[in-house]
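# Structure at a glance
In case you want the letters, here they are:
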Amino acid sequence: MTKPTDLPRTLGDLRASGHEFRTVKQELRDNLLDRLRRGEPRFPGIVGYDETVLPEVERALLAGHDMVLLGERGQGKTRLLRALAGLLDEWTPVIAGSELREHPYQPLTPASRRLAEEAGDRLPISWLHRRERYGEKLATPDTSVGDLIGDVDPIKVAQGRELGDPETIHFGLVPRTNRGIFAVNELPDLAERIQVSLLNVLEERDIQVRGYQLRLPLDLLLVATANPEDYTNRGRIITPLKDRFGAEVRTHYPVDLALETALIRQEAALVATVPDHLIDVLARYTRQVRESPSVDSRSGVSARFAIAAAETVAASALRRSGLRGEREAVARIGDTVSVTSTLRGKVEFDSGEEGRETEILSHLLRLATAETFRARLSGLDLSGFTGLVAEGTTIETGDLVSAEELLAQIGTVPGLAKVLDRLGLGDAPGPGEAASGVEFVLEGLHLTRRLAKELTSDGRTRYGS
């Protein structure tokens, strides 16, 4: 974020450059229209909303509406709000040192107006990058009006200023985000009396502090997020405040499997290779958990569940490579077992399922694995794999069985090349990828009742006839 050196430094230079004042909402509208006409991405990094949520957000911005995003946890609401700042001008001028970051053409506070009158065209200005023009507050029950709007500063009063002097006010987060975007996360968690303090900000665009009626026409876009009111029992958005938001946009989880897998690939920080068929399993698993009647549907199952699952699976593969001295760390289907216990806390179950949480998650994981097996390998001749154990031999795998050890047990298997190709592992996969494909087939054959499976006392898995 290197500031250009040729930007005007005084009000006179700014006027001479031909700069025109635009409100924040005008900036957003003009820049959004420009990207629409150019066919450029408007919200980079936002997955799954192109045909549903984003058109509604764009209409709200074009209309100049403050908005609230309503949806269950883990639907990317905060990510979307933060992406709005990318539609602001890259650099915007402000009066140097002004508390509310006022535009040089529009001084608001008495101090800035006085400075502008005294300095004239020599009024010094500085420049804000768009990243500095986004403010955010997570609503908590202890949030005060002073936090959001402002309060009387006792130090300034003690310095001899009169209590009624507007310059005795210490401004809160909202006015300090003037000339930008301010977001309130989990708006219903604000106490109702605190929500009232936002009414004037949204409609009259002014603020009231301790009985002072300050005519400060704030220039900002106010946005918020909330869970559906039938789920969050901690509070609600008061009706007058809901009425003042111009747009209410409902968010959702990825509508199809492709978007779910794309989201995992984009967001997960994987420390080992996780083949596509395993990402597919985890995406289906997440959707199975969301749709399960045993899970509280009102709370939702966050996208962070799938992301954390992929990261856990990759970590399991990395641990095995370290213990067994493997050259490459590649995840296998056996690595997914650990997610049922480590991610249990991310899911809220119905009260009648107490004590069965891990059992339910394990069952759903098996369903997702079987679905992926059928989707990926249906129609292939897998008799070469069942033939391996037809004469009573067993194939042993598990968390501490290296890829070389697993492959040594199976030797040459008819049809293996077609399986690896169907799984997207390429014509010349490494030992880790080949072992991942083999273990997936063995588990799929077990789940479709063509192979037996047993767990040993030391945690290994044996497949047999």
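Keep in mind that this is a model prediction, so the values were computed, not measured.

### Overview of the overall build of the chain
In terms of regular secondary structure, the chain is built from 20 helices and 14 strands. In terms of C-alpha radius of gyration, the chain reaches 29 Å, well past the compact-globule figure of 23 Å for 465 residues. Principal-axis analysis of the C-alpha atoms places the extent of the chain at approximately 95 × 55 × 40 Å. Going through the 465 residues of the chain one by one, you find that 51% of them count as buried. For the chain, contacts bridging at least 24 residues in sequence account for 75% of all contacts bridging at least 6. Carbon and sulfur atoms make up 48% of the accessible area of the chain, which amounts to about 21,500 Å² in all.

### Quick notes on the layout of surface pockets
The space that makes up the largest pocket amounts to roughly 700 Å³. Taken together, 29 residues make up the lining of the largest pocket; nearest its centre are Gly334, Val337, Lys453, Leu455 and Thr461. Of all the elements in the fold, those that place two or more residues in the lining of the largest pocket are helix H14 (303-324), helix H16 (357-377), strand S12 (395-398), helix H20 (431-447), strand S13 (452-455) and strand S14 (460-464). With four residues, H16 is the single largest residue contributor to the lining of the largest pocket. For the lining of the largest pocket, the per-class residue count stands at six nonpolar, 14 polar and nine charged. A volume near 490 Å³ is recorded for the second largest pocket. For the second largest pocket, the lining is made up of 25 residues, of which Gly74, Gln75, Gly76, Lys77 and Arg304 are closest to its centre. Taken together, the residues that form the lining of the second largest pocket break down as nine nonpolar, 10 polar and six charged. No fewer than three residues from each of domain 1 (11-250) and domain 2 (257-464) sit in the lining of the second largest pocket.

### Details of the side chain of Asp89
Along the chain, Asp89 turns up in the loop between helix H4 (77-83) and strand S2 (91-95). Apart from residues no more than four positions distant in its own chain, Asp89 is found in contact with Arg22, Glu27, Asn31, Arg130 and Arg133.

### Some thoughts on the domain arrangement of the chain
What the domain assignment reports for the chain is domain 1 (11-250) and domain 2 (257-464). Using C-alpha coordinates to define each centre, domain 1 is positioned 46 Å away from domain 2. When domain 1 packs against domain 2, the two sides together hide about 1,000 Å² of surface, and 47% of this comes from carbon and sulfur. Summed over the shared surface of domain 1 and domain 2, the result is two salt bridges. Among the salt bridges present, the one from Arg79 reaches Glu267, with a minimum N-O distance of 2.8 Å. In this assembly, domain 1 and domain 2 are joined by five residue pairs in polar contact (both at pLDDT 80 or more). Its residues placed into classes, the side of domain 1 that touches domain 2 shows two nonpolar, three polar and four charged.

### Thoughts on the sheet that holds S13
The strands that make up a sheet pair up through hydrogen bonds in the backbone, lying either parallel or antiparallel. Spatially, S12-S14-S13 is the arrangement adopted by the three strands of the open sheet, whose pairing is antiparallel. Of all strands in the sheet, those with a lone pairing partner are S12 and S13, marking the two edges. The average undirected angle you get between the axes of adjacent strands in this sheet is 25°. Direction of pairing for S12 relative to S14: antiparallel, over a ladder of four bridges. Bridge assignment links Thr397 to a residue of S14, and that residue is Thr461.

Rules behind the numbers
Residues numbered from 1 in each chain as written. Predicted model: local features only at pLDDT ≥ 70, side-chain atom pairs only at ≥ 80, totals over all residues. Heavy atoms only, no water. Helix = DSSP H or I, 4+ residues; strand = E, 2+ residues; numbered from the N terminus. Rg over C-alpha atoms; globule rule 2.2 N^0.38 Å. Buried < 20%, exposed > 50% of the residue type's maximum accessible area, 1.4 Å probe, protein only. Contact = heavy atoms within 4.5 Å. Areas by Shrake-Rupley, 256 points an atom, 1.4 Å probe, with all protein chains shown as cover. 1 Å grid on protein atoms, 1.4 Å probe; cavity = no way out; pocket = protein on both sides within 12 Å on 5 of 7 lines; lining within 4 Å. Points joined across faces, edges and corners; volume = space filled by probe spheres on them. Nonpolar A, V, L, I, M, F, W, Y, C, P; charged D, E, K, R; others polar. Domains from an automatic or database assignment. Buried area = accessible area lost by both parts, 1.4 Å probe. Salt bridge = Lys/Arg side-chain N within 4 Å of Asp/Glu carboxyl O. Polar contact = N/O pair within 3.5 Å; in protein donor to acceptor, adjacent residues only side chain to side chain. Pairing = 2+ DSSP bridges. Axes fitted to C-alpha atoms, helices over the stretch in contact; angles between N-to-C directions.

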